[in-house]
Each structure stands twice: as C-alpha cells, then as structure tokens.
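# Remarks on the overall topology
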Number of protein chains: 2
Amino acid sequence: MPDYFIGIDLGGTNIKMGIFDENVKLLNSISSPTNAQEGPDVIINRMAEMSRQICAENDIEYASLKAIGVGAPGPSNIAEGIVVAAPNLPKFRNVPIKQMIKDRTRKVCVFENDANAACYGEYVVGAGRGADNMVFLTLGTGIGGGIITNGHIIHGFMDNAAELGHIIIEMDGRLCGCGQRGCVEAYASATSTVKRAVEALQAGRQSSLMEIYKQKGTVTAKDIYTESAKGDALALEITEGTAKALGILCVSLLHVTGPRRILFAGGMIAAGDALLGRIRHYYNKYLWPLKPEQMEICFATLGESAGMIGAAALACEFGNGSCL
Amino acid sequence: MPDYFIGIDLGGTNIKMGIFDENVKLLNSISSPTNAQEGPDVIINRMAEMSRQICAENDIEYASLKAIGVGAPGPSNIAEGIVVAAPNLPKFRNVPIKQMIKDRTRKVCVFENDANAACYGEYVVGAGRGADNMVFLTLGTGIGGGIITNGHIIHGFMDNAAELGHIIIEMDGRLCGCGQRGCVEAYASATSTVKRAVEALQAGRQSSLMEIYKQKGTVTAKDIYTESAKGDALALEITEGTAKALGILCVSLLHVTGPRRILFAGGMIAAGDALLGRIRHYYNKYLWPLKPEQMEICFATLGESAGMIGAAALACEFGNGSCL
C-alpha cells in the first residue's frame, strides 16, 4: 500500500490543500475559503474535514495518509508548531496549530512558515531542484523568502532567519515599512516599485504613466513594466532601480550563505525577462571580478502552489513519526 | 586510554599546533615558523613531525591521538581537503593537504579554512558557546568570518559562504579591494578605517592625527582609536563610521541567518568598548522597532588561538574515522 501525504497552504483568503504521492507528485487539490473571522478552532476543524474529504474523493484509504504538512503565515514558533501572530489571520494568536491538526486528524503533522514552505517546494520539485544551497525570494507587497543550506531550511535563533527584504543595501536610505532605512524591500518590492513611481509623478516628472496616474489615482507595478517596455524614461528608471536593488541583494546573498541558485517568485515576476535579465545585469555589474562565480539567478516555477507543495514535501521528508 | 586530538593553524608565518583532550581542552601547544618558500611537501612533513613531537613531549602515546584538525588560509575545497590557493602560502596551489597529512601521520585528518576553524573554535569553547546559530567576524586587513547554523559551519555551493566582508551596505559606495563598491570591508576593516582617516588628512582636515601622519607617513587603527578617545573630532568621525558600518552589517546578518550572537575578532577589537559599545549603538539605531530582538553582539575571546582550537574541535567532532 503506497503512502500518501497532504500539503496545506493556510492563507488569509483560502485554504489550499493537495494530496501527494511519495514522490511529492500532486494527485489532486481542493480549496476552501479561510473565513478568517471564524477563528482557529473552526478553521482547523475544516482543515481536518478537508483532509478526510480529499482522501475519499481520490479513493485513498485514510490509513495510507502518512503525514500532513502545513504552511502558515506570520511570526511563528516552527519547532513547537505555533502560529504566534498572523496579520491576515487576526484571530490566530499563539495557536498550537501542529498539535491541533494532529489531534483532529490523528496524523503526523509537520509545520513551517509559508515562505519557508514555498522555498522548500521550489527546492524539492521546482526551479531549485538539485541546489542544496539556494535562496528563494518573493516579490510582493513586501519581500520575503527562505534559505536552504545543505538541503535544509535554516531557521536561525527564535526563527529569525530569512527576513530577506530587510537586508540593508543603502546606509540611511529609503524608509522601509518595517521602520529601518535602506532595506531592499523599500526599493524593490512591488509596493515600493509603485511608490517610487508615484513619488516621481507627484514631483511632476514627465511620463506616460501620468495619464494612468491621473485616471486611477495610482499606478500598478504592471503599468510601470508596460510603460517601461514602450520606452518611457521614468518607467524605465523605476524598473532599473528595482533590478539594481535586487542585483545588489544577490551579490550580498552570494557572500553570506553561498547559494548555488537564487530564485525569484511573486506577482512581480510576471514582468518576465524585462526583470530577470536586468537583475542579472546588475548582479554581474556589482559582483566582484576576483573570481568567476557560478551562482544562477532564475524565476521560481511553482507559482502560487509552491507553499502547498512545499508543505507536502516537508510531510514526506519529516513525517516519519519522529515528530509526533 | 583517553583519546587525544591535535589542532593545527597553518598560517603564512607560523604553524601553531595544540594537543587537546576529548573535551577540547588545550593541554599544550608548540609553534614553528612556516617558511612558506619551502613549499607544501616540506611544510606538511614538518607538521607530521610536530604531531609526533607534541605527543612525545606530553607523554601521550601516539596511538591515543585520534585525529588531526587543520585550518588553512585561502580559497579551498573543504570537502576534498584541498588548499586551492593561498596568498600567504604562494607555493600552495591545489594541495591535497588533508590526504597528505593523513599519509604522513596515519591519522584521520579534518580540514577547514582558517576563518571557519576560528569560528568553530569560538562556538565550541569561546564566546559563541551555546549559540547554535552564530556569526563570527574578524576585523583585520580585510573582514572575514564564518557562520554557524544549527551547530554546523555553513559552506555554501563551491565553499562560497561567509565572505562576510563583501556584503554591500552602500549602493555605489566606496571601492573595495575586491573590486566591488560599498562592501562593509571598504568602511570597517582596520585597513579601511586607516584609509578613511588618511584620505581626510590628505584632504586637509584638522586633526590631532595630522602630527602622527606627518611623522610616520601614515596612521594606524590604534592611533585613530587613541585620538578618538582623547576627543579629536576627525578621529571620532572615523571610528563612528567604522562602528556604523558594522552595526548595519549586524542588522543585515540578523535578517539573513538569524544568529543568536555575532562575535567580532581580530586586531581591531583591542579598541575595546569604544568599538563594541558603538557597534551595538548603531545596530540598535538601524534595527527595526517591529519586535524586540535578542541577538547579542560580543567580542570573541580566544584571540589568535581560535583557529588552532577550532581545528581541534573539528577533529574531535568529525574525526571518528568516517572521513578517512
């Protein structure tokens, strides 16, 4: 009887669940609104029900389900399996989610934060495959990520590792939402890319973005990349600023954990080669000429499923009963 | 019969060797000039002779010597135990030092680069004790270091990890010896601290350092800290610049590997609290106010013995025959 594993991505909007075989191959997935206001008890009960449901719907005996992996947002205590707080799940305060899932499903549960889970998913079956040392970065409202060294996610003391958006790339630079100055996130997240453009427009810079800004009251990262592609000087300057900040970040990351590969994920990678090519350009420009480096910079490939897949991969890897 | 271990720090000037018990307690040490021009064969033969000598002199049967750890400079292939190149050992090009020591001593040999060995020494018996996640930084001609996560040295792909002096803290900032711009090393190494002072003096800045500069044609980091303590404005500005760069580095390192402790080592820590207190000041100033952080910033305590001790600690930890 083959073994099966479940991966869950608990988000503020949806619970995404997949059932996987022993090779972390996705067999099927289901989704349900989180209804965050219902609080942890109801939501975790629903996750347990969904686990039984996904097995039944796929003709998998519940006994063959070996472990459940769950990725959840927010500051958390990974070893204890506790969601400490989560901006998108306001009723989750110090919720022992790992134990609660175990109690309700009678299965081994493996817990990880969502960014680390996505990182692990990319490592096991995505663009990070084979890169035992890698860094994963998501470009969204903020910049988050995860780090793999020697095939393992690094957590750091008090799970402090991999707050990668808050690496400082400019002394006394732009103010970041976190309160620090000069964080890479203050330059290169989707939000900061937009903010830099809006600031320039408000300062009266000529740009084809101005029309959009006047109509909508703002611009999107997509607008900026579209106008940049058409040759608008301001839009180009903004997208170059984003790529430069990320290129410099890659140089610094190379020198800290020595990754073989850095993967970018998140909504902004829709910009495609216009982003990736320029990140590589600035990485090469700012990197030392001392010796050739073989680090690769790529896009992630699992999209929004990365967290769910990574949670399943963790269940596969660590759900052997030792963490019961 | 208790087991014994040898730790060797192979430097460009001296070979330092210690004999240790199973608890990494130093029993005795000897030293010999490296005579780098003699090349790897002669030098490694001498290391083997010294191993027999140190056992004999301390009434330790050679059979009780279980393993030898060696730390060596330069780019190296850690897993294979090869010194690829070493500026201070110009005849060491692709030298399979681990195998050569094993052949000449008939003992298990564990190899590590010198900065990682010193890092591990501090972790096992120095100021890093108990900090399973830590970062070690040496402030000298350059800035080097090592990183421990989950109790293990991280090496990265192609042993690229922990080139910590080349983390970029300022976009398009000062030119570093490595060819990059804005590296922390370009601000805060002993050499760069001196360089920033000399630049200011050459630009005609008033300072009590000017007298020293005119006499000696240069100033030392020690001069700068001495004059800074006496209240000289330029000297103070320079030492503050060093501390600020290191404080910002600590913020970034916290956000990458999440260390519990960051240790500073190297000649410049002779500046004492005038340096450490200010690094902590700038770390706290530039750190986010989002949540309290418990990371500690301290000085290393093993001084120039750290590498030798760390090499012995690695021999103790990994010299169980599995790497023969």
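Residues numbered from 1 in each chain as written. Chains lettered and ligands numbered in written order. Predicted model: local features only at pLDDT ≥ 70, side-chain atom pairs only at ≥ 80, totals over all residues.

The next point concerns the overall build of chain A. Of the regular secondary structure elements, chain A holds 10 helices and 12 strands. Its C-alpha atoms give chain A a radius of gyration of 21 Å, near enough to 20 Å, the size a compact globule of 324 residues would have. Dimensions of chain A along its principal axes, counting C-alpha atoms only, are 65 × 50 × 35 Å. Taking all 324 residues of chain A together, 54% fall into the buried category. The long-range share in chain A, meaning contacts at least 24 apart out of those at least 6 apart in sequence, stands at 63%. (Helix = DSSP H or I, 4+ residues; strand = E, 2+ residues; numbered from the N terminus. Rg over C-alpha atoms; globule rule 2.2 N^0.38 Å. Buried ≥ 20, exposed ≤ 12 C-beta atoms within 10 Å, placed from the backbone. Contact = placed C-beta atoms within 7 Å.)

So, on to the domain arrangement of chain A. Residue and element names in this part refer to chain A. According to the domain assignment, chain A contains domain 1 (4-112 + 304-318) and domain 2 (127-301). Between the C-alpha centres of domain 1 and domain 2 there is a distance of 30 Å. If you look at the interface, domain 1 gives 4 residues, while domain 2 gives 4 residues. Among the residues making up the side of domain 1 that touches domain 2, the classes are represented as 2 nonpolar, 2 polar and no charged. (Domains from an automatic or database assignment. Nonpolar A, V, L, I, M, F, W, Y, C, P; charged D, E, K, R; others polar.)

Looking now at the sheet that holds strand β12 (residues 296-299) of chain A. All names here are of chain A. Strand order in this open sheet of 5 strands is β10-β9-β8-β11-β12, and the pairing throughout is mixed. Two strands in the sheet have a free side with no partner beyond their single neighbour: β10 (152-153) and β12. For strand β9 (residues 143-149) and β10, the ladder comprises 2 bridges, and the chain directions are antiparallel. Residue pairing for β10: T149 is matched across the bridge by H152. Running over the sheet, helix α3 (residues 114-125) touches β8 (134-139), β9, β10 and β11 (261-265) and is turned about 50 degrees from β9. (Pairing = 2+ DSSP bridges. Axes fitted to C-alpha atoms, helices over the stretch in contact; angles between N-to-C directions.)

Taken together, the contacts link 37 residues of chain B with 37 residues of chain A. A total of 7 residues in the side of chain B that touches chain A trace back to one element, the largest contributor, which is helix α8 (residues 233-257) of chain B. Taken together, the residues of the side of chain B that touches chain A sort by class into 20 nonpolar, 13 polar and 4 charged.

Here we come to the confidence of the model for chain A. This prediction gives chain A a mean pLDDT of 96; 99% of its residues lie at or above 70. If you check the scores for this complex, the pTM reads 0.96 and the ipTM reads 0.96. (pLDDT = per-residue confidence, 0-100.)

Moving on: the relation of the copies chain B and chain A. Rotating chain B by 180 degrees about the axis while translating it 0.0 Å along that axis superimposes it on chain A, leaving an RMSD of 0.0 Å. The operation mapping one copy onto its partner corresponds to a two-fold rotation axis. Comparing interface residues between copies, 100% of those in chain B also lie at the interface in chain A; the contact surface is shared. (Least-squares fit on C-alpha atoms with pLDDT ≥ 70 in both.)

Attention shifts here to the sheet that holds strand β3 (residues 26-33) of chain B. Consider a sheet: its strands pair through backbone hydrogen bonds, and that pairing is either parallel or antiparallel. Residue and element names in this part refer to chain B. The strand order across the open sheet formed by 5 strands is β3-β2-β1-β4-β7, and the pairing between neighbours is mixed. The two strands at the open ends of the sheet, each matched to only one other strand, are β3 and β7 (108-113). Along the sheet, successive strands turn relative to each other by an average axial angle of 15 degrees, direction set aside. Bridging between strand β1 (residues 4-10) and strand β2 (residues 14-20) involves 6 bridges; their strand directions are antiparallel. When the sheet's bridge partners are listed, G7 is paired in β2 with G18. Most of the contacts of helix α1 (residues 39-57) go to β2, to which it runs at about 35 degrees, and overall it touches β1, β2, β3 and β4 (65-72).

What follows concerns the environment of B:T242. All names here are of chain B. As for its position among the elements, T242 is in helix α8. On the basis of neighbour counts, which here come to 29 C-beta atoms within 10 Å, the residue T242 falls in the buried class. In the structure, T242 is positioned 54 residues away from A188 in sequence and 4.5 Å away in space, judged by C-alpha atoms. Those residues within four positions of T242 in sequence are excluded, and the remaining contacts are Y187, A188 and T193.

We now examine unusual backbone geometry. Unusually for a residue other than glycine, A:A162 sits at a positive phi of about 65 degrees. Its place among the elements puts A:A162 in the loop between β10 and α4 (185-188). On the basis of neighbour count, A:A162 is assigned to the buried category, with 27 C-beta atoms found within 10 Å. Backbone geometry at B:D172 places phi at a positive 55 degrees, although glycine is not the residue there. Among the structural elements, B:D172 can be located in the loop between β10 (152-153) and α4 (185-188).

Once that is clear, we can look at helix α7 (residues 221-229) of chain A. All names here are of chain A. Regarding α7, the residues found buried are A221, I224, Y225, E227 and S228. Looking straight down α7, one finds its buried side chains confined to an arc of 165 degrees; they lie on one side. Structurally, α7 contributes buried residues whose contacts are with α5 (190-202), α6 (209-216), α8 (233-257) and α9 (273-286). Note on α7: the residue one or two positions beyond its end, G231, has a positive phi of about 100 degrees. (Arc of directions from axis to C-beta.)

What follows concerns the pairing of β7(B). Residue and element names in this part refer to chain B. With 6 of its 6 residues buried, β7 lies for the most part within the structure. What you see with β7 is no split at all: V108, V110 and E112 on one side and C109, F111 and N113 on the other are buried throughout. As judged from the 6 bridges shared by β4 and β7, these two strands associate in the parallel manner. Bridge pairing links G71 to E112 in β7.

Another aspect to go through is the nonpolar core. Nonpolar side chains tend toward joint burial in soluble globular proteins. One finds A:A312 and B:A312 to be the most contacted residues of the largest nonpolar core, which totals 221 residues. When near neighbours in sequence (up to four residues on either side) are disregarded, A:A312 contacts A:F5, A:I6, A:G7, A:G18, A:F20, A:V24 and A:G69. (Core = buried A, V, L, I, M, F, W, Y, C linked by C-beta atoms within 7 Å.)

One can find B:K195 in helix α5 (residues 190-202). Residue classification places B:K195 among the partly exposed positions, given that 17 C-beta atoms sit within 10 Å.

Bringing the packing of α8(B) against helix α9 (residues 273-286) of chain B into the picture now. Think of two packed helices as two axes; the pair is described by the angle between the axes and how far apart they sit. Residue and element names in this part refer to chain B. Between α8 and α9, whose axes approach to 7 Å, the crossing angle comes to 50 degrees. Put simply, α8 runs oblique to α9. When you trace α8 past α9, the crossing you get is right-handed. Between α8, through T239, E240, A243, K244, L246, G247, I248, C250 and V251, and α9, the contact on the second element is made entirely by A274, L275, R278, I279, H281, Y282, Y283, K285 and Y286. Of the residues that constitute the contact of α8 with α9, the class distribution is 11 nonpolar, 3 polar and 4 charged. (Parallel < 35°, antiparallel > 145°, perpendicular 65-115°, else oblique. Left-handed = near helix turned anticlockwise from the far one by under 90°.)

Take α8(A) next. Since the α-helix advances by 3.6 residues per turn, residues separated by three or four positions end up pointing in the same direction. All names here are of chain A. Compared with the 36 Å implied by 1.5 Å per residue over 25 residues, the 36 Å span of α8 between its first and last C-alpha is a close match. Counting buried positions along α8 yields 20 of 25 residues, so the element is predominantly enclosed. Backbone geometry just downstream of α8 places G258 in the positive-phi region, at approximately 60 degrees. (Expected span 1.5 Å × (residues − 1).)

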